[in-house]
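What follows is the residue order along each chain.
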Amino acid sequence: MGIDSHILFYKRVAAKWTSALPLGNGKIGAMVFGGAQREKISLNYDELWTGYPRTYQLMCSHGHFEKAREAALRGSLREAQDILEEYFEGCNSEMYMPFGDIIIDFGRGRVKNYSRTLNLENALHTVKYEKNGTVYTRESFISYPDNAFVSRISADKGGQLSFRLSIKSKLKNRVFSENEALILDGICPSYSSLNKELLGKEYKMYESDESKKGMSFRGAVKIKTDGDIIYDDGEITVKNAGEAVICFSCESSFNGFDKHPNLEGKEYKRACLDKLYNVCGKDYKDVKASHISDYKSFYDRVCLDLGSDGRENIPTDKRLADFAEGHSDKGLYALLFNFGRYLTISASREGSQTMNLQGIWNDSINPPWSSNYTVNINTEMNYFPTLMIDLPEMHMPLIDLVRELSVTGEKTARELYNARGFTAHHNVDIWRMSTPVQGNSQWSFWPMSSGWLCRHLYEHYEYTLDREFLKNTAYPIMKKAAVFYLDMLTEDKDGYLIMAPSTSPENSFKFGSGKCSVSETSTMTMSIIRELFINCEKAADILGINDEFISEISEKLPRLLPFKVGSKGDLLEWYKEEEWTEPHHRHVSHLYALHPARLINYEDTPELVQAAKKTLEYRGDNGTGWSLGWKINFWARLRDGNHAVKLIDMQLRPVENKFVFNYTDGGGTYPNMFDAHPPFQIDGNFGAVSGIAEMLMQSTENAVYLLPALPDKWENGSVKGLLAKGNIKVDIEWKDGKLTDYKLRGNTKNKKIIYNGEELPNE
């Protein structure tokens, strides 16, 4: 068997969920354990969330905010924080729910020559083993064209195949057989369990009141086989078969972020069965071919080759362990890169929901951090690489989230801040919650996510040059976000415009005998506002707009508080130099201007580049999985490939399958290549992909930088198909650490091509 940088390969059945292998089509997700005697397939559907559109009663108002601002501006920071924590808190977000499991019992028997693989080139999961002289093969995938999970089980040489299949869910459900299909009808809880204390006596996991019922859903299984088949309530039995094709489809009553899923829900029961009968009515080979053709049209756009150390035939879990012990394995970097591209295509497709903290894969009814959209870094990081790896179609679910959030966020801006436009805070869910959550102000008070999310809108235009998208979607939403920040700006004691009060996500500083999270303003806050205003100016110029709004932006931009460098030579995180409570904190939010923004760069602000470098040196390398992922990108922007690859090596360190929360230095990789916070959180996978791409190619509206952060250990290689701003495809080859060839496809007329600080011919 030839295993390469496109295949995850194992010789053991997955003992735990974080050893199982993921499949997905944006809507349906599956974690396949690969059991020979008992197979377990954990299923997800992207629309299954607790709750329904509703507004929890908030104590906060713009009057409370104004009192907090007044306190912050006179230096009474603890008073400002106390006001925010007493009044400026709401409910927790709703939770992303698992659908349930398909269980297949094959019976006992001695198994030999076992293997399971996930082929990233065609998105096929394969299990193969021998039992009682017969070789059994199980091939599974989730089709986007047919919107169904499909698995073909076969026995060679006339062997016999017999099994029992059942379907289960941790949610309230009913399982029955009807019209040669095994059907599970279920309903999601009415509320997140984290809001139990908030609701008090009102809390019921499953409400009977029609106006308070949660989302309903249906999943159904049908089997095609040449053997005998019996459908009973609760299971399907297949006997004396040479092969069997299992099909699963799912639908929910979700009808939009602003529609009650019970009172205004869409028809889902018939729709689920229609999809199921449609896929089952087709020939397996045709369904498989359609799936592969669709998938490869995206995956094949980019190809990375970093060479090989001949370790590709070693099982992936063993490769990770060997790598941590010092065995060189260049192919493992390419595997990590390709796995991240695979996850993007599998979890974020046009028409699907945005990737959440776990992509679309979650097996718990009380998932870590509600498996929600944490928008102070994590949701954005999920989409860091999407455009660079030429997958703009997979960017659209995030665009949809921002569009919908710009609607719900209007009320939040008006009622909480007496401001125009829209805003959103630290957590978002499928109902597009935009209000603050409960808890410490270091996360609950952060009305900056609308600004950060809007950078994705403008960046989508920068990469695609889709002018209609800029005109009709991006710019109107960007303007609405910018209007909010215009209303929020106030003068500080020196006459600079700041947004007060402010926080730096999830961090704090020493204050008196304790600590505080609220400052007059923060570097990240001002960076987000500055970048949004600049992007609004650029967009307006492209669209030929010069109105009162743009005049106000242009007048206020120069008055925004500038960056500050501290006595240690680092970039200050807060309004003034403060003593750190946690010097190695996982968030490095004040470097937002370095990445993902480019407000700090070698060409325009070389002195701030050095301050950013000092900041990272003080912060240290260790961290959670996503923190390591972000730091890879920082060091790539600092053009230090050796430091960036050091962090990739740290991210590849094996993590045990334990459900343990680690907020400091536990980041790494699970046996199935999922990123470990720990526990599992998918953003680190995408941070690594983005970082690798940034090490090999970076771009601005004016220039393309080739091999800006190539590490010594990647001395020979090539990359093809990376996307640069301006809708330009970039191919690069290098040998002995030196550029040997490059090709840019697209309109490069006004682009500089830079390598090692020198401008190359633009042919």
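A brief report on the enclosed structure follows. (Residues numbered from 1 in each chain as written. Predicted model: local features only at pLDDT ≥ 70, side-chain atom pairs only at ≥ 80, totals over all residues. Heavy atoms only, no water.)

1. Concerning the packing of helix H6 (residues 316-324) against helix H7 (residues 330-347)
1) Next: Contact geometry of H6 with H7 gives a least axis separation of 11 Å together with a crossing angle of 125 degrees. One way to sum up the angle between H6 and H7 is to call them oblique. Seen along the crossing, H6 lies across H7 with a hand that is left-handed. Only Gly-331, Leu-332, Tyr-333 and Leu-335 of H7 make contact with H6, whose side of the interface consists of Thr-316, Arg-319, Leu-320 and Phe-323.
2) Next: Broken down by class, the residue content of the contact of H6 with H7 amounts to 5 nonpolar, 2 polar and 1 charged. (Axes fitted to C-alpha atoms, helices over the stretch in contact; angles between N-to-C directions. Helix = DSSP H or I, 4+ residues; strand = E, 2+ residues; numbered from the N terminus. Parallel < 35°, antiparallel > 145°, perpendicular 65-115°, else oblique. Left-handed = near helix turned anticlockwise from the far one by under 90°. Contact = heavy atoms within 4.5 Å. Nonpolar A, V, L, I, M, F, W, Y, C, P; charged D, E, K, R; others polar.)

2. What about the environment of Asn-750?
1) Next: For Asn-750, the location among the structural elements is in the loop between strand S30 (738-745) and strand S31 (752-755).
2) Next: Separated by 26 residues in sequence, Asn-750 and Ala-724 place their C-alpha atoms 13 Å apart.

3. Side note on the sheet that holds strand S28 (residues 717-724)
1) Next: Pairing within the open sheet is antiparallel, and its 4 strands lie in the order S17-S28-S29-S30. Edge strands, defined here as strands with exactly one partner in the open sheet, are strand S17 (303-305) and S30. Taking the axes of each pair of neighbouring strands and ignoring which way they run, one obtains an average angle of 20 degrees across the sheet.
2) Next: Examined bridge by bridge, strand S29 (residues 728-735) and S30 share 7 bridges and lie antiparallel to one another. The residue bridging Asp-731 from the neighbouring strand is Lys-743, located in S30. (Pairing = 2+ DSSP bridges.)

4. Here's the deal with the side chain of Thr-117
1) Next: Mapping Thr-117 onto the fold places it in strand S6 (residues 111-119).
2) Next: Leave out the neighbours within four places in its chain, and Thr-117 touches Ile-7, Leu-8, Phe-9, Leu-21, Leu-124, His-125 and Thr-126.

5. Examining the state of the cysteines
1) Next: Tallied over the full model, the rule gives 0 disulfides.
2) Next: The cysteine Cys-247 is free of any disulfide, with Cys-280 supplying the nearest cysteine sulfur at 3.3 Å.
3) Next: The exposure class assigned to Cys-247 is buried, which follows from its relative accessible area of 1%.
4) Next: Of all cysteine sulfurs, the one in Cys-536 lies closest to Cys-454, which takes part in no disulfide; the gap is 7.4 Å. (Disulfide = S-S within 2.5 Å. Buried < 20%, exposed > 50% of the residue type's maximum accessible area, 1.4 Å probe, protein only.)

6. Observations regarding the pattern of salt bridges
1) Next: Under the definition given, this model contains 54 salt bridges.
2) Next: With a shortest N-O distance of 2.6 Å, Asp-185 and Arg-218 are connected by a salt bridge. Of the two residues, Asp-185 is situated in strand S12 (residues 182-187) and Arg-218 in strand S13 (residues 216-225); the sequence distance between them amounts to 33 residues.
3) Next: For Glu-573, the salt bridge identified is with Arg-619, shortest N-O distance 3.2 Å. Placement of the pair is Glu-573 in the loop between helix H14 (548-556) and helix H15 (606-619) and Arg-619 in helix H15, with a sequence separation of 46 residues. With respect to burial, Glu-573 and Arg-619 carry one shared label: buried.
4) Next: Salt bridges sharing common partners tie together Lys-27, Asp-46, Glu-47, Glu-251, Lys-266 and Lys-275. (Salt bridge = Lys/Arg side-chain N within 4 Å of Asp/Glu carboxyl O.)

7. Some thoughts on the environment of Ala-271
1) Next: Within the secondary structure, Ala-271 is located in helix H4 (residues 269-280).
2) Next: With 53 residues separating them in the primary sequence, Ala-271 and Arg-218 have C-alpha atoms 9.3 Å apart.

8. Topic: the packing of aromatic side chains
1) Next: One pass over the full model with this rule turns up 38 aromatic pairs.
2) Next: Ring centres of Trp-452 and Trp-630 lie 6.1 Å apart, and the angle between their planes is 35 degrees; this geometry places the pair in the tilted category. Linking Trp-452 in helix H11 (residues 449-464) with Trp-630 in helix H16 (residues 625-637), this pair joins segments that are 178 residues apart in sequence.
3) Next: Residue class for Trp-452 comes out buried when judged on its relative accessible area of 0%.
4) Next: Residue classification places Trp-630 among the buried residues on the basis of a relative accessible area of 1%.
5) Next: Pairing Tyr-458 with Tyr-461 gives two aromatic rings, centres 6.1 Å apart and planes at 40 degrees, and the pair type is tilted. (Phe/Tyr/Trp six-rings, centres within 6.5 Å; stacked < 30°, edge-to-face > 60°.)

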